[in-house]
Amino acid sequence: MFKVTEAAATQVKSAAEQGGTEGMALRLAAQRHADGTFDYRMGFDDVTEDDIRFASGGVEIVMAPEFV
């Protein structure tokens, strides 16, 4: 379960406007390292055919179907 709060959605939309990335989805990504730790990242990106897609708080969220 993943939910974007109203305050977070406002910030995401503002960041997209300021960065000239309006209309792009917010990509969430996790990278697993050999030692078992993870790095988490997010940024605006184009949607690909294989992405998991959903919306929350008026923000389109995308994720790859598996860890990178």
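Visitor: Help me understand the overall build of the chain, please; the structure alone is not making it clear to me.
Guide: In terms of helices and strands, the chain carries one helix and four strands. Along the longest, intermediate and shortest principal axes, the C-alpha atoms of the chain span 35 × 25 × 25 Å. A fraction of 41% describes how many contacts in the chain between residues 6 or more apart in sequence connect residues 24 or more apart. Carbon and sulfur atoms make up 52% of the accessible area of the chain, which amounts to about 5100 Å² in all. Across the chain, the 6 positively charged side chains and the 12 negatively charged ones have centroids separated by 5 Å.

Visitor: Mind showing me how you'd approach the side chain of Thr21 here?
Guide: As for its position among the elements, Thr21 is in the loop between helix H1 (6–19) and strand E1 (25–32). Ignoring anything within four residues of it in the chain, the contact list for Thr21 reads Ala15, Ala16 and Phe44.

Visitor: Explain the pattern of salt bridges here, please?
Guide: Where charged atoms from two side chains of opposite charge approach closely, those side chains can pair. A complete count under the given rule lists three salt bridges for this structure. The partner of Arg53 in a salt bridge is Glu60, and the shortest N-O contact between them spans 2.7 Å. Through salt bridges with shared partners, a single network forms among Arg27, Asp45 and Asp51.

Visitor: What is the right way to read the sheet that holds E1 from this model?
Guide: Think of a sheet as strands paired side by side through backbone hydrogen bonds, with each pair either parallel or antiparallel. Strand order in this open sheet of four strands is E2-E1-E4-E3, and the pairing throughout is mixed. Only two strands of the sheet have a single neighbouring strand rather than two, namely strand E2 (38–45) and strand E3 (52–56). Here the strands of the sheet are splayed against their neighbours by 25 degrees on average, with no regard to which way each runs. Of the pairings in the sheet, the one linking E1 to E2 comprises eight bridges and is antiparallel in character. Paired with Leu28 across the bridge in E2 is Met42.

Cut-offs used in this document
Residues numbered from 1 in each chain as written. Predicted model: local features only at pLDDT ≥ 70, side-chain atom pairs only at ≥ 80, totals over all residues. Heavy atoms only, no water. Helix = DSSP H or I, 4+ residues; strand = E, 2+ residues; numbered from the N terminus. Contact = heavy atoms within 4.5 Å. Areas by Shrake-Rupley, 256 points an atom, 1.4 Å probe, with all protein chains shown as cover. Lys, Arg positive; Asp, Glu negative; His and termini not counted. Charge placed at Lys NZ, Arg CZ, Asp CG, Glu CD. Salt bridge = Lys/Arg side-chain N within 4 Å of Asp/Glu carboxyl O. Pairing = 2+ DSSP bridges. Axes fitted to C-alpha atoms, helices over the stretch in contact; angles between N-to-C directions.

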